[in-house]
2 protein chains.
Amino acid sequence: MPKPVVFNGCSVGENPLCCFDELTEEEIAFIDENSVEVEYKRGETICKQGSFASHIMVLKEGLAKIYLENANDSLVLKILPAVNIIGLPALFDGNAVFPYSAQTYMDSAIKLIDINAFKSLITSNAKFAGKIISMLAENSVIINGRFFCLTKKQTYGRLADVLLCLAQRIYKLDKFPLQLTRKDLAEIASMSVESTTRILTKFKEDGLIAVNSDSIEILDLERLTDISQIG
Amino acid sequence: MPKPVVFNGCSVGENPLCCFDELTEEEIAFIDENSVEVEYKRGETICKQGSFASHIMVLKEGLAKIYLENANDSLVLKILPAVNIIGLPALFDGNAVFPYSAQTYMDSAIKLIDINAFKSLITSNAKFAGKIISMLAENSVIINGRFFCLTKKQTYGRLADVLLCLAQRIYKLDKFPLQLTRKDLAEIASMSVESTTRILTKFKEDGLIAVNSDSIEILDLERLTDISQIG
DNA sequence: TAAAAAGATTGATATGTATCAATTTAGATA
DNA sequence: TATCTAAATTGATACATATCAATCTTTTTA
């Protein structure tokens, strides 16, 4: 009997910095020489879709979203807690620009690594390259799961999914601080702010969650998981 | 003034086999020793989500879809014409299974390369690894575009997108053979069969396309492109 | 060639969810 | 503290699109 396949909208990988394990001390020093660390305030743009991709980023502290945008719309591809890497999809041949935008949800610290230094390590260290392949492959699987989630589940399932992701993968707390607005949550779950409010209220009425002004607590993990899986 | 950003649902990369350019003659021979070529009939499953990923595949002739499936639903991630590679996202550490299924739309020929042979080249040839990175990165950008398209555009835009993709990227013919059923088209555009029929009829009435029993012709590329972009 | 099955079309209806508009609440600023 | 602004909530409505059901067409099979 095949085990049931479950896709979720969460976007956090297992070992987000494993590539750096493959570097020698000299190579790590080389990275450090070719990088700077920058502080960003809440809401600031870390990288802008279409702008020159001069660096690979490591989110060292904070929380950020990665998203696509066009004139009318935006689509959140991932939300990323620290520590995580941003910008690997800019690494393809003949590409010079960031394929997505990134913005902080809270004050954050980010290390910017010169992309040419990063690329030179890829061509000189096959194990490092192997880890980058692994990370890109895993990322693709994660994004595909989110893709499935957003296209096939309806609003209740998607929002349940977001809440579970925040509790289990981002904050790793049943009761997590609410640093995101309803608008943020709505955008992540790809729905309207009004629907987000209504569904949160419903979840609260049904005893699935407790909502405070500055936190949300998962009260009934099992039922919320059911909702997220049924869709 | 920033140029308008356009996402589409098409899923064909620029140089899908470039990694093999980086191999020496011995390495190519090594690949050949560790691969077999298999013929598939229309509708056959090439690889099954969740089954052991024992090989990387090269679609040498034919047309296939790559899709996610769970108990109730399926999501087409890409449609792939020959020549293209299938299975790179299986390459991440600690993973043993295919992260998606693939199935042919027509009789197809596929080369199966032993995944361990493939991985050994990645660790021994950094340029090869670099190209794999490039391909995975490009793939991720392509999938993200399709993700945006399916979540943000509505039915008319999505179907226009599929038709344009078939004409421009898959068949490279304004008038292309219709080897896909309405059900196939509906699945690719992530909508019901009935909506697909209705929209095709509307496009025909409006003079945007000509629909024959065995082909579709793009008559008004400009307006169809507008529809696909507006959504 | 007839019969059966599969695919495509058309119309009527149901439903999930966005949108619009009006309040209410909370937070920031003077 | 009062005032202003942004965020959140609530209700009413509109709309896109799926679903259901019936018919028609094409293809396959006997």
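Fair warning: this is a prediction, and the values are worked out from it, not measured in the lab.

Neighbouring DNA strand C are 16 residues; A:Gln154, A:Met191, A:Ser195, B:Arg182 and B:Thr197 lie closest to it. If you list the elements that add at least two residues to the surface near DNA strand C, you get helix H6 (193-205) of chain A together with helix H5 (182-188) and helix H6 (193-205) of chain B. Ranked by residues supplied to the surface near DNA strand C, first place goes to H6(B) with 6 residues. For the surface near DNA strand C, the per-class residue count stands at 3 nonpolar, 8 polar and 5 charged.

What follows is about the interface of chain B and chain A. The partner chain A presents 44 residues to the 44 residues of chain B that form the contact. Sorting the residues of the side of chain B that touches chain A by element identifies strand E5 (74-81), helix H2 (115-124) and helix H3 (126-152) of chain B as the ones contributing at least two each. Ranked by residues supplied to the side of chain B that touches chain A, first place goes to H3(B) with 20 residues. Taken together, the residues of the side of chain B that touches chain A break down into 26 nonpolar, 13 polar and 5 charged.

Before going further, it helps to examine the packing of helix H4 (residues 155-170) of chain B against H6(B). Packed helices, taken two at a time, are described by the angle their axes make and the gap between the axes. Residues and elements named next belong to chain B. The geometry of H4 relative to H6 is characterised by a closest axis approach of 10 Å and an angle of 75° between their N-to-C directions. If you check the angle between H4 and H6, you find them roughly perpendicular. Here Thr155, Tyr156 and Leu159 of H4 come into contact with H6, specifically with Ser195, Thr196 and Ile199. Taken together, the residues of the contact of H4 with H6 break down into 3 nonpolar, 3 polar and no charged.

Let us look at the environment of B:Gly207. Residues and elements named next belong to chain B. Position of Gly207 relative to the elements: it lies in the loop between H6 and strand E10 (209-211). Measuring from C-alpha to C-alpha, the distance between Gly207 and Ile218 comes to 9.1 Å, with 11 residues separating the pair along the chain. If we skip the residues at most four places from it in the chain, Gly207 touches Leu219 and Asp220.

As a further point, take the relation of the copies chain B and chain A. To go from the first copy of the chain to the second, apply a rotation about an axis and then a shift along the same axis. When chain B is fitted to chain A, the residual RMSD is 0.0 Å, and the transformation amounts to a turn of 180° plus an axial shift of 0.0 Å. This pairing of chains is accounted for by a two-fold axis. Closest to the rotation axis within chain B is the C-alpha of B:Ala126, separated from it by 2.3 Å.

As a further point, take the packing of helix H4 (residues 155-170) of chain A against helix H7 (residues 221-230) of chain A. Residue and element names in this part refer to chain A. Running from N to C, H4 and H7 cross one another at 130°; their axes reach a closest spacing of 7 Å. One element, H4, and the other, H7, form an angle in the oblique class. Judged by the sense of rotation from one axis to the other, the crossing of H4 with H7 is left-handed. Across the interface between the two elements, Tyr156, Gly157, Ala160, Asp161, Leu163 and Leu164 from H4 touch Leu224, Thr225, Ile227, Ser228 and Ile230 from H7. Class assignment for the residues of the contact of H4 with H7 results in 7 nonpolar, 3 polar and 1 charged.

Criteria and thresholds
Residues numbered from 1 in each chain as written. Chains lettered and ligands numbered in written order. Predicted model: local features only at pLDDT ≥ 70, side-chain atom pairs only at ≥ 80, totals over all residues. Near = placed C-beta within 6 Å. Helix = DSSP H or I, 4+ residues; strand = E, 2+ residues; numbered from the N terminus. Nonpolar A, V, L, I, M, F, W, Y, C, P; charged D, E, K, R; others polar. Contact = placed C-beta atoms within 7 Å. Axes fitted to C-alpha atoms, helices over the stretch in contact; angles between N-to-C directions. Parallel < 35°, antiparallel > 145°, perpendicular 65-115°, else oblique. Least-squares fit on C-alpha atoms with pLDDT ≥ 70 in both. Left-handed = near helix turned anticlockwise from the far one by under 90°.

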